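# Structure assessment
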Amino acid sequence: MSGKNERKNRCDGDATRAALVEAAGRLFAERGFARTSAKDICAAAGVGAAAVNYHFNGRDGLYEAVVREAHDRLVDMRELESAENLPAPQRLHRLLARFVVAGGGGDWAVPLLVREVFSGDASSGPLPAVILPKKRVLERLMAETLGREAGEGRPRRGFVEM
């Protein structure tokens, strides 16, 4: 196979993966994981029926990719780290503004994450691996904003606690 064909296939693969993530994100946010089939996702993405298995090793792998994408759309770790030199209140304001904009933007990320958090099983799915590094940065930000040490005066355990 020539280099040109290999490049075309790789780009087509990237486009297929992106289309699957977008279609699955919309459908998972609307219906939930249990009520969304791989066949529905492939149809919505306009790709072949085997694409979910080929690109993500099944619906579970796709769901993990979708949850990671949703969380990154809301809180990107690079963005959190790049703002470290700003005063804590300004960093917190930026972060909250991002949530407000994302929540009202018609995107599937917020509804999907809300569904994931309130599904009762968010602590064992893909979300903790995505959240924990960001959670540590946010805990430090909140502590700094409140003039406390990280971990001091923690809020009561709730759905955000993992």
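All of the points below concern the structure found in this document. Just so we're clear, the structure is a prediction, and the values are computed from it rather than from any experiment.

Rules used in this analysis
Residues numbered from 1 in each chain as written. Predicted model: local features only at pLDDT ≥ 70, side-chain atom pairs only at ≥ 80, totals over all residues. Heavy atoms only, no water. 1 Å grid on protein atoms, 1.4 Å probe; cavity = no way out; pocket = protein on both sides within 12 Å on 5 of 7 lines; lining within 4 Å. Points joined across faces, edges and corners; volume = space filled by probe spheres on them. Helix = DSSP H or I, 4+ residues; strand = E, 2+ residues; numbered from the N terminus. Nonpolar A, V, L, I, M, F, W, Y, C, P; charged D, E, K, R; others polar. Buried < 20%, exposed > 50% of the residue type's maximum accessible area, 1.4 Å probe, protein only. Contact = heavy atoms within 4.5 Å. Core = buried A, V, L, I, M, F, W, Y, C linked by side-chain atoms within 4.5 Å.

## A word on the layout of surface pockets
Roughly 170 Å³ of volume is contained in the second largest pocket. If you go around the second largest pocket, you meet 14 residues; those closest to its centre are Glu79, Leu80, Ala83, Arg91 and Leu95. At the level of elements, helix H5 (77-82), helix H6 (88-103) and helix H8 (127-146) are the ones that each hand at least two residues to the lining of the second largest pocket. For the lining of the second largest pocket, the element with the highest residue contribution is H6, accounting for 4 residues. The residue inventory of the lining of the second largest pocket, partitioned by class, reads 7 nonpolar, 1 polar and 6 charged.

## A short note on the environment of Ala23
Looking at the secondary structure, you find Ala23 in helix H1 (residues 3-31). What makes Ala23 buried here is its relative accessible area of 1%. Not counting chain neighbours up to four residues away, the residues in contact with Ala23 comprise Ile41, Ala44 and Ala45.

## Here's the deal with the nonpolar core
Membership of the largest hydrophobic core comes to 30 residues, with the highest contact counts inside it found for Leu20, Phe28, Ile41, Leu62, Val66, Trp108 and Leu112. Residue assignment for this core shows that the elements contributing at least two residues are H1, helix H2 (38-45), helix H3 (51-56), helix H4 (59-74), H6, helix H7 (109-117) and H8. Broken down by element, the residue count for this core peaks at 7 residues, all from H1.

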